[in-house]
Amino acid sequence: MKGLYAESHFFPISGQRITMKDSFGRQINYLRISVTDRCNLRCRYCMPEEGIESKLGHEGVLSLEAFARVVRLAAQVGIRKVRLTGGEPLVRRNIPQLIRYIADVPQIDDIALTTNGILFAPMAEELKAAGLNRVNISLDSFKEDRFRFITRVGNLDQAKKAIFKALELKMNPVKINTVVIRGFNDDEILDFARLAYDYPLHVRFIEFMPVGDLLYWKKDRLMKTDEILEMVKKQFLLTRFKDIRGSGPARYYKAEGGKGSIGFISPMSNHFCAQCNRIRMTADGMIRGCLYDKREVNLRPSLENGSDEEILNLLIETITQKPARHMMDSGWGAKNERKMFQIGG
Ligand SMILES: Nc1nc2c(ncn2[C@@H]2O[C@H](COP(=O)(O)OP(=O)(O)OP(=O)(O)O)[C@@H](O)[C@H]2O)c(=O)[nH]1
Ligand SMILES: C[S@@+](CC[C@H](N)C(=O)[O-])C[C@H]1O[C@@H](n2cnc3c(N)ncnc32)[C@H](O)[C@@H]1O
Ligand code: SF4
Ligand code: SF4
């Protein structure tokens with residue numbers, strides 16, 4: 001096995017800051033945790049209308065303490081940033097407690113959340129007090145009827161309130177995730193760009209990926225970054241912009257005179273796998289080296305009965321097995337049974 005410590009029984013003491021590289025030399029410092037596979041929305045590209053028959057009852061989902069243990073150990077092999085996602089992370093009971101646990105891990109510098117925003121505003125103060133540094137809010141349309149169409153059940157006002165609450169609490173940078181879907185919201189691209197001009201918001205246009213069930217994905221619904229960028233450039237004078245907190249895959253631009261920035265996440269046209277810095281964990285305790293790769297390592301038995309050292313070895317195994325890149329062009333594949341709401345995006 002390649003990778004730091006892989007053949008050694010030495011592990012750093014708690015609090016020590018070490019770094020870890022995968023077998024392609026990429027430094028892995030970012031853990032995304034899907035804390036639940038449940039959600040209060042039913043986005044057409046992510047979940048079936050009837051929702052999911054969650055196979056994860058109370059016994060199936062890891063406890064907050066088990067997640068916290070993984071974070072503490074992952075921090076010992078170089079993880080510095082944790083993002084809570086889902087499903088919808090805010091439907092998981094007592095999520096502020098998990099944030100408090102993570103905030104207690106000395107090596108973690110950044111605790112972030114990806115949410116649809118529906119439940120965010122009323123919980124925001126508590127989340128911030130618990131140690132949440134920032135939030136990315138997903139929003140695909142500003143039109144009430146379209147928002148309802150794409151989410152099937154969502155209330156646009158609640159999502160908007162989330163955005164302004166995050167700004168009010170200065171949970172900066174506040175980022176908006178917008179999946180661009182041709183024929184659905186491509187005529188709102190300039191409205192979203194305008195939002196980033198008028199407010200200190202960082203709007204990220206995401207290429208629609210063929211992942212999960214492919215419930216709504218079609219080749220001709222994909223709009224690539226170059227086309228979106230050309231559209232935005234006709235209206236705004238853009239310059240490349242790097243100074244933004246986060247270590248995700250977006251490339252940012254600033255519009256002259258604008259308060260926020262415009263970002264592009266381009267997994268389809270210009271994949272960022274060579275700079276990949278992350279691993280993922282599912283609500284049932286599987287660790288994945290890649291969003292797209294079906295290989296998973298089961299942490300659960302070791303979390304139930306194993307030692308810290310055993311868990312550290314499994315984390316290292318995941319990191320060293322990370323693939324060089326995704327293979328989206330060759331299809332999701334029948335054997336890759338995970339859906340986006342299970343992996344967490
Ligand atoms: N293909 C691919 N897509 C990703 C990856 N990470 C995030 N995304 C997609 O990018 C979008 C935004 O992700 P977020 O959850 O907001 O996280 P982030 O962009 O890493 O966060 P920041 O650190 O704030 O930049 C989501 O639609 C994800 O599915 C990745 O590793 N691979
Ligand atoms: C799976 S959701 C989980 C967190 C939360 N429920 C939310 O919607 O923000 C995470 C992100 O993945 C994005 N996403 C889901 N399916 C996608 C797809 N097929 N292509 C691109 N992004 C996708 C969503 O828009 C969202 O921004
Ligand atoms: S994208 Fe997020 S909000 Fe929409 S169904 Fe999936 S998990 Fe829920
Ligand atoms: S697709 Fe896989 S390798 Fe590429 S950036 Fe995402 S997680 Fe990393």
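The structure presented is a predicted model; accordingly, all values stated were derived computationally and were not measured. Just so you know, the residues in each chain are numbered from 1, in the order the chain's sequence is written. Chains and ligands are labelled by the order in which they are written, letters from A for the one and numbers from 1 for the other. Confidence filtering applies because this is a predicted model: local features only for residues at pLDDT of at least 70, side-chain atom pairs given and counted only at 80 or more, and all residues used for totals across whole chains, interfaces and linings.

## Some remarks on the overall build of the protein chain
So the rule is basically this: Strands are runs of DSSP state E lasting at least 2 residues, helices are runs of H or I lasting at least 4, and numbering of each runs from the N terminus. Radius of gyration here uses only the C-alpha atoms, and the compact-globule reference equals 2.2 Å multiplied by the residue count raised to the power 0.38. Burial in this document is a count-based property: other C-beta atoms within 10 Å of a residue's C-beta are tallied, and the residue is buried at 20 or more, exposed at 12 or fewer, or partly exposed in between, with C-beta positions derived from the backbone.
A count of helices and strands for the protein chain gives 10 helices and 12 strands. The C-alpha radius of gyration computed for the protein chain amounts to 19 Å, which stays within 12% of the reference 20 Å derived for 345 residues, consistent with globular compactness. The principal-axis extent of the C-alpha atoms belonging to the protein chain is close to 60 × 40 × 40 Å. Buried residues in the protein chain amount to 46% of all 345 residues.

## Re unusual backbone geometry
That bond from Asn172 to Pro173 is cis: its omega, -5 degrees, falls within 30 degrees of zero. Tracing the backbone shows Pro173 in the loop between α5 (156-168) and β5 (174-180). Positive phi, close to 70 degrees, is recorded for Arg152, a residue that is not glycine. Topologically, Arg152 is positioned in the loop between α4 (144-151) and α5. You can call Arg152 partly exposed: it has 14 C-beta atoms within 10 Å. A positive phi angle, close to 55 degrees, is found at Lys170, a residue other than glycine. Of the residues examined, Lys170 has 10 C-beta atoms within 10 Å and is grouped as exposed.

## Some words on the sheet that holds strand β1 (residues 30-34)
Rule in force here: In this scheme, strands are said to pair when DSSP sees at least two bridges between them. Orientation is described by lines fitted to C-alpha atoms, with helices fitted over the stretch in contact, and by angles between N-to-C directions that extend from 0 to 180 degrees. Contact between two residues is assigned when their C-beta atoms, built from the backbone, lie within 7 Å.
Pairing is mixed in the open sheet, where 12 strands are placed in the order β7-β8-β9-β6-β5-β4-β3-β2-β1-β10-β11-β12. For this open sheet the edge positions go to β7 (238-241) and β12 (296-298), each flanked by a neighbour on one side alone. When the angles between neighbouring strand axes are averaged without regard to direction, this sheet yields 25 degrees. Set on the sheet, helix α6 (residues 189-198) makes contact with β5, β6 (201-207), β8 (251-255) and β9 (261-265); between it and β6 the angle comes to about 150 degrees.

## Description of the UniProt feature "binding site: S-adenosyl-L-methionine" (unreviewed entry) in the protein chain
Spelled out, the test is: UniProt positions are given in the numbering used here, feature names are shortened, and annotations may be inferred rather than shown by experiment.
Listed under "binding site: S-adenosyl-L-methionine" (unreviewed entry) in the UniProt record, and renumbered for this structure, are Tyr45, Gly87, Ser138 and Met209. Along the chain, Tyr45 falls in the loop between β1 and α1 (64-76). Ignoring any residue separated from it by four or fewer positions in sequence, one finds Tyr45 in contact with Val179, Phe208, Leu215, Tyr216 and Trp217. When the 24 C-beta atoms within 10 Å are taken as the criterion, Ser138 is described as buried.

## Points about the UniProt feature "binding site: [4Fe-4S] cluster 2" (unreviewed entry) in the protein chain
Per the UniProt annotation, the sites labelled "binding site: [4Fe-4S] cluster 2" (unreviewed entry) are Cys273, Cys276 and Cys290. Taken together, the annotated residues stretch across 18 residues yet fold into one region, lying no more than 9.3 Å apart by C-alpha. As for its placement among the helices and strands, Cys273 is situated in the loop between β9 and β10 (278-281). Accessibility expressed as a C-beta count within 10 Å gives 17 for Cys273, which makes it partly exposed. Residues in contact with Cys273, not counting those within four places in the same chain, are Ala324, Arg325 and His326. Here Cys290 is to be found in the loop between β11 (286-288) and β12. Given 21 C-beta atoms within a 10 Å radius, Cys290 is considered buried. Contacts of Cys290, omitting those with residues within four sequence positions, involve Lys322, Pro323 and His326.

## Some words on the nonpolar core
Across soluble globular proteins, you tend to see nonpolar side chains buried next to one another. Note the cut-off: Nonpolar cores are identified as sets of buried Ala, Val, Leu, Ile, Met, Phe, Trp, Tyr and Cys residues joined via C-beta atoms within 7 Å.
Within the largest apolar cluster, 98 residues are counted, with the highest numbers of intra-cluster contacts made by Leu31, Val71, Ala74, Val82, Val180, Ala193 and Leu315. Broken down by element, this core gets its largest block of residues, seven residues, from α1. Contact partners of Leu315, with chain neighbours within four places excluded, come to Leu73, Ala74, Val77 and Ile287.

## Here's the deal with the pairing of β1
Within β1, five of the five residues are buried, which leaves it mostly tucked inside the rest of the structure. Neither face of β1 is exposed, since Tyr30, Arg32 and Ser34 on one face and Leu31 and Ile33 on the opposite face are all buried. Sheet topology places β1 next to strand β2 (residues 81-85); five bridges connect them, and they run parallel. The residue bridging Arg32 from the neighbouring strand is Arg83, located in β2. Pairing of β1 with β10 involves four bridges; the strand directions are parallel. Each bridged residue has a counterpart across the sheet, and for Ile33 the counterpart in β10 is Met281.

## Looking at the site of ligand 2
Note the threshold: As a rule, any residue with its backbone-derived C-beta atom within 6 Å of a molecule or strand is reported as near that molecule or strand. Residues were grouped as follows: Ala, Val, Leu, Ile, Met, Phe, Trp, Tyr, Cys and Pro as nonpolar; Asp, Glu, Lys and Arg as charged; and all remaining residues, including Gly, as polar.
In the vicinity of ligand 2, 21 residues are found, and the nearest of them are Ser138, Asn177, Met209, Met340 and Gly345. The set of elements that each furnish at least two residues to the shell around ligand 2 consists of β3 (110-115), β5 and α10 (340-343). Residue classes in the shell around ligand 2 are distributed as 11 nonpolar, nine polar and one charged.

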